[in-house]
Amino acid sequence: MQDHTVISSLIVRVLPDHGKSAAARLASIEGVEVHEKLEGKIVVTIEAPTVDASHDTAASFSEIPGVIGVDLVYVNFEDDPAVARGSRR
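First, a word on scope: everything that follows refers to the structure included in this document. (Residues numbered from 1 in each chain as written. Predicted model: local features only at pLDDT ≥ 70, side-chain atom pairs only at ≥ 80, totals over all residues. Heavy atoms only, no water.)

### Describing the nonpolar core
For the record, the criterion: What we call a nonpolar core is a set of buried Ala, Val, Leu, Ile, Met, Phe, Trp, Tyr and Cys residues that are connected through their side-chain atoms within 4.5 Å. Exposed residues in this analysis have more than 50% of their type's maximum accessible area, buried residues have under 20%, and partly exposed residues fall in between, with area computed by a 1.4 Å probe over protein chains only. A run of DSSP states H or I qualifies as a helix once it reaches four residues; a run of E qualifies as a strand once it reaches two. Both are numbered from the N-terminal end. Throughout, a contact is declared for two residues whenever any of their heavy atoms are within 4.5 Å.
Of all hydrophobic cores here, the largest spans 15 residues; its most connected members are Val12, Leu26, Ile42, Val44, Ile46 and Phe61. For this core, the secondary-structure elements that each account for two or more residues are strand S1 (6–14), helix H1 (19–27) and strand S3 (41–48). Beyond its immediate stretch of four places on either side in the chain, phenylalanine 61 contacts Val12, Leu26, Ile29, Val32, Val44, Ile46, Val67 and Val70.

Here it is as structure tokens:
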């Protein structure tokens, strides 16, 4: 059982005529939740087991038609063992 989760909040910038389809594609990705659709922007969160997994998920957003950018707003990763190991070096 997983005892930690990395939570990231992002704004996905999209072309105006791709908002609805991009939001649907984002919502279909495991660990991604769509919270708000605004003109040209979609607010999402990612829940992942590690920072690397969260990054990989966010990086995949650029493959969705109409996505023109992804901006990280917030990340909580204090329980990620990879980050804890890195801080001891």
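### Things to note about helix H2 (residues 51–60)
Note the following rule: The arc in question is formed by the directions pointing from the helix axis toward the C-beta atoms.
Considered for burial, the residues of H2 that qualify are Ser54, Thr57 and Ala58. The buried residues of H2 occupy one face: seen down the axis, they fall within an arc of 95°. Those residues of H2 that are exposed and aimed more than 90 degrees away from the buried face are Asp52, His55 and Asp56. Those residues of H2 that are buried lie in contact with S1, strand S2 (32–38), S3 and strand S4 (67–76).

### Here's the deal with the side chain of serine 8
Counted only if it meets this: Any pair of N or O atoms that falls within 3.5 Å is considered a polar contact. Within protein, one atom must be able to donate a hydrogen and the other to accept it, and sequence-neighbouring residues count only if both atoms are side-chain atoms.
Along the chain, serine 8 falls in strand S1. The class of serine 8 is buried, set by a relative accessible area of 3%. At 2.9 Å, the side chain of serine 8 and the side chain of serine 54 are in polar contact.

### What about the pairing of S3?
Here is the rule we go by: At least two DSSP bridges between two strands are needed for those strands to be called paired.
Inspection of the sheet shows S1 paired to S3 by eight bridges, in the antiparallel sense. Within S3, the position partnered with isoleucine 11 by the bridge is valine 43. When S2 meets S3, the two strands line up antiparallel, connected through six bridges. Residue pairing across strands places glutamate 36 opposite valine 43, the latter belonging to S3. Count of turn residues in the S2/S3 antiparallel hairpin: two residues, of which glycine 40 carries a positive phi of about 75°.

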